[in-house]
Amino acid sequence: MPNIPADRLSYLVLLAARAMGSSEAEAQDVADHLVAANLSGHDSHGVGMLPDYVRLLHAGLLVPNQTLALVVDTGGVLVFDAARGFGQAMAKEAMRRGIERARATGSVAVALRNSAHIGRIGHWVEQCAAAGMVSVHFVNVADHAPLQAPFGCSDARLGTNPFAAGVPDAEGQPLVLDMATSTIAFGKARVARNKGVPVPAGALIDEHGRPTTDPTTYVDTRRGALLAFGAHKGSGLAILCEVLGAAMTGGATIAPHHERKDGILNSMLSFILDASALGDTTHIAREAAAVGEWVKASPPAPGFDEILLPGEPEQRARERRLADGVPIDDRSLADIRAAIASLGVSEAELDRALGR
Ligand code: NAD
């Protein structure tokens, strides 16, 4: 299976989103986001999400062309309800308005609740960083069965609740920490299942709470659970993502009194801070760069070739994949094509989009 160039993948997503009923602007947001996730190396959050999105659309659990509703504006706090709108458009607009406010006041807390999947959270860090903003994001995942076992649990009680934070950099390469609080994201287990490869040891337990590396049963039936990263510490962060991301924003939590419709609802609490409000940005950038250089100067430990900073693997993947295209395995591509075809797009049109 040859790699697919990014512009062809974008066109494929545009076809899908238009057929789902999205406006041209929304379709573009979805395409930009999903392809950027693939380019940054996160196939779990790229175009491989399309079959899920089409399923959610058919079930009425994802609503194209939703208008982001401003529910609260205290000046320093903005609360938005996305009412299951396309997360790629809803989160982009929430961040845009948060950045605008932080530029005027120095900082803002933005609550975005009940959005359909908002994808790779690093994308929102990067949107903030490109505008000169520091940002911190706590996110929950609700409306479907829990996927992650917190520390000491033998079954899943939480979603994979991502946390992300980042700082802008004078040279345009922001420091971006962006991670699921489970050892691996669910989509990575899906990609491993599709490729027929094991997940890393310590990432998964089976339905009896025993360690396993075979993702098949878990991905196909959701029996078993991903483990929280970093034992009690990652587990604690995952619980904070649930409480800050959803309980505090008025979003749906994963607590069982919320009906689970097998959708994907993300709620996110973001703190956005104008870096220039903290002081001289040249000094800040110089100190941040010095910290990075100091860390990277350590002799690599056995088994490591070099030391990378948060966000570096994604930057490198971007450079590589922009040049060489994005590898999409056959099973994922077949699933994506079938999902788009179910919206009435012809096989010939899909072939044309892929340049075949
Ligand atoms: P990951 O483990 O690949 O990376 C996590 C972080 O570690 C990144 O900031 C990365 O730059 C850094 N990193 C990776 N390898 C490194 C190395 N060798 N040295 C130094 N730093 C390194 O990411 P993940 O936890 O698998 O998450 C994947 C994606 O899934 C994220 O983009 C996350 O936002 C997304 N996600 C989204 C949802 C949702 O519901 N929207 C849920 C869960 C996860």
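Conventions and cut-offs
Residues numbered from 1 in each chain as written. Predicted model: local features only at pLDDT ≥ 70, side-chain atom pairs only at ≥ 80, totals over all residues. Heavy atoms only, no water. Helix = DSSP H or I, 4+ residues; strand = E, 2+ residues; numbered from the N terminus. Expected span 1.5 Å × (residues − 1). Buried < 20%, exposed > 50% of the residue type's maximum accessible area, 1.4 Å probe, protein only. Arc of directions from axis to C-beta. Contact = heavy atoms within 4.5 Å. Polar contact = N/O pair within 3.5 Å; in protein donor to acceptor, adjacent residues only side chain to side chain. Pairing = 2+ DSSP bridges. Axes fitted to C-alpha atoms, helices over the stretch in contact; angles between N-to-C directions. Salt bridge = Lys/Arg side-chain N within 4 Å of Asp/Glu carboxyl O. Core = buried A, V, L, I, M, F, W, Y, C linked by side-chain atoms within 4.5 Å. Phe/Tyr/Trp six-rings, centres within 6.5 Å; stacked < 30°, edge-to-face > 60°.

A. Here's a closer look at helix 12 (residues 330-341). The terminal C-alpha atoms of helix 12, which comprises twelve residues, lie 16 Å apart, in line with the 16 Å expected from a rise of 1.5 Å per residue. Along helix 12, the residues that are buried comprise Ser332, Leu333, Ile336, Arg337, Ala339 and Ile340. Buried residues of helix 12, seen end-on, are gathered within an arc of 160° and therefore sit on one face of the element. Where the residues of helix 12 are buried, they touch helix 1 (6-20), helix 3 (50-58), helix 6 (186-195) and helix 13 (347-353). N-cap assignment for helix 12: the residue whose side-chain oxygen lies 3.2 Å from the backbone N of Arg331 is Asp329.

B. A look at the sheet that holds strand 2 (residues 77-81). Taken together, the seven strands give an open sheet; going across it, the order is 1-2-3-11-4-6-7, and neighbouring strands pair in mixed fashion. Two strands bound the open sheet, and with one partner strand each, they are strand 1 (69-73) and strand 7 (175-179). When strand polarity is set aside, the average angle formed by the axes of neighbouring strands in this sheet is 15°. Here strand 4 (residues 133-142) runs beside strand 11 (residues 265-274); their pairing, made up of ten bridges, is antiparallel. In the sheet register, Ser135 faces strand 11, and the bridge partner there is Ile272. Packed onto the sheet, helix 4 (residues 87-105) meets strand 1, strand 2, strand 3 (107-115), strand 4 and strand 11 and runs at close to 165° relative to strand 3. Across the sheet, helix 5 (residues 122-130) lies against strand 4, strand 6 (163-167), strand 7 and strand 11, angled at about 160° from strand 4, the strand it touches most.

C. Representation of helix 3. Of all the positions in helix 3, only Leu50, Tyr53, Val54, Leu56 and Leu57 are classed as buried. Along the axis of helix 3, the buried positions cluster into a sector of 160°, meaning they face one direction only. Those residues of helix 3 hidden inside the fold are in contact with helix 1, helix 2 (24-39), helix 4 and helix 12. Of the residues trailing helix 3, Gly60 is marked for its positive phi of about 75°.

D. Up close: the pattern of salt bridges. Within this structure, the stated rule accounts for 23 salt bridges. Among the salt bridges present, the one from Arg193 reaches Asp220, with a minimum N-O distance of 2.8 Å. One end of the pair, Arg193, is in helix 6; the other, Asp220, is in helix 7 (residues 216-221), and 27 residues separate them in sequence. Look at Asp220 and you get partly exposed, because its relative accessible area is 46%. Arg337 is the salt-bridge partner of Glu347, the closest N and O atoms lying 2.8 Å from each other. In this pair, Glu347 sits in helix 13 while Arg337 sits in helix 12, placing the two residues ten residues apart along the sequence. Through salt bridges with shared partners, a single ionic network connects Glu93, Arg96, Arg97 and Glu100.

E. Structural context of the nonpolar core. Judged by nonpolar contacts, the single largest core of 40 residues is most densely connected at Val47, Leu50 and Tyr53. Those elements that place two or more of their residues in this core are helix 1, helix 2, helix 3, helix 12 and helix 13. Here this core takes nine residues from helix 1, the largest share from any one element. Once residues within four sequence positions are removed from consideration, Tyr53 is found in contact with Met20, Leu34, Leu62, Phe86, Gln88 and His117. One finds Ala94, Ile99, Val125 and Val139 within the second-largest nonpolar core, a separate group that totals 25 residues.

F. Geometry of the packing of aromatic side chains. This structure, assessed with the given rule, holds four aromatic pairs. When the ring of Phe138 is compared with that of Phe271, the centres are 6.5 Å apart and the planes differ by 85°; the resulting orientation is edge-to-face. Within this pair, whereas Phe138 is found in strand 4, its partner Phe271 is found in strand 11, the two being separated by 133 residues in sequence. Taking relative accessible area as the criterion, Phe138 reaches 11% and is therefore assigned buried. A ring pair is formed by Phe186 and Tyr218, whose centres lie 5.7 Å apart and whose planes are at 65°; its orientation type is edge-to-face. Placement of the pair is Phe186 in helix 6 and Tyr218 in helix 7, with a sequence separation of 32 residues. Take Tyr218: its relative accessible area is 2%, and that puts it in the buried class. Members of the aromatic cluster, joined through ring pairs, are Phe138, Phe163 and Phe271.

The quantities given are spatial measurements derived from coordinates; they are silent on function.
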